[in-house]
Amino acid sequence: MISPFKLKQKTQITHDVYRLIFTREKWKIDFSYGQFVTFFLKVWARSYSVAQTDGYEYDFIIKRLENGKGWSKEICDIEIGAELKAVGPVGKFVLQKTD
């Protein structure tokens, strides 16, 4: 299901790496490490692995590529408070529990 993710915080970690924290206020979603969120911007869709979440806030570490394919530059340049449509977290390549 497509839902809005709102940028709550943006931290520049290095000259080209950003930590972006998005909120999803409507409902809490179960999450397994290894899952990702797919963001939609104009005609592009790009998936990013979730670094950390409590089910309401989603933490991403993204390398900003000035001339790269995809849209890492665009997502790293959005303003605090901006909303992006997204799907997720989804994916089955997850950390399995062991005994």
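Structure: see above.
What comes next concerns the included structure. (Residues numbered from 1 in each chain as written. Predicted model: local features only at pLDDT ≥ 70, side-chain atom pairs only at ≥ 80, totals over all residues. Heavy atoms only, no water.)

The next subject is the nonpolar core. Proteins that are soluble and globular tend to have nonpolar side chains buried together. The biggest cluster of nonpolar side chains holds 19 residues, and the ones touching the most others in it are F22, F39, F60, I75 and L84. Put simply, the parts of the chain that give this core at least two residues each are β1 (2-12), β2 (17-23), β3 (36-41), β6 (57-63), α1 (72-77) and β7 (83-90). Once residues within four sequence positions are removed from consideration, I75 is found in contact with L20, F22, F39, Y48, I62 and L84. (Core = buried A, V, L, I, M, F, W, Y, C linked by side-chain atoms within 4.5 Å. Buried < 20%, exposed > 50% of the residue type's maximum accessible area, 1.4 Å probe, protein only. Helix = DSSP H or I, 4+ residues; strand = E, 2+ residues; numbered from the N terminus. Contact = heavy atoms within 4.5 Å.)

Turning next to the pattern of salt bridges. Under the criterion given, the structure shown has six salt bridges. E66 is the salt-bridge partner of R64, the closest N and O atoms lying 2.7 Å from each other. Given the relative accessible area of 46%, E66 is considered partly exposed. A salt bridge links K73 to E66, with the nearest nitrogen and oxygen atoms 3.6 Å apart. Judged by relative accessible area, K73 falls into the partly exposed class, the value being 27%. Sharing partners across several salt bridges, the network here consists of R64, E66, K73 and D77. (Salt bridge = Lys/Arg side-chain N within 4 Å of Asp/Glu carboxyl O.)

Tallied over the entire structure, the rule returns six aromatic pairs. Three or more aromatic residues joined by ring pairs form one cluster here, namely F5, F22, F39, Y48, Y58 and F60. Stacked on the ring of Y48, the Lys or Arg R46 has its end atom at 4.6 Å from the ring centre. (Phe/Tyr/Trp six-rings, centres within 6.5 Å; stacked < 30°, edge-to-face > 60°. Lys NZ or Arg CZ within 6 Å of the ring centre and 35° of its normal.)

On the secondary structure map, T23 appears in strand β2. On the basis of relative accessible area, T23 is assigned to the buried category, the value being 12%. Those residues in contact with T23 that lie beyond four places of it in its chain are P4, F5, K6, K8, Y56 and E57.

This brings us to the pairing of β2. Burial analysis of β2 places six of its seven residues in the buried class, the great majority of the element. As paired elements, β1 and β2 share six bridges and run antiparallel to each other. Counterpart to Q12 in the pairing with β2 is Y18. Connecting the antiparallel pair β1 and β2 is a turn made up of four residues. Taken together, the seven bridges between β2 and β6 define a ladder with antiparallel strand orientation. Bridge pairing in β6 places I21 opposite D59. (Pairing = 2+ DSSP bridges.)

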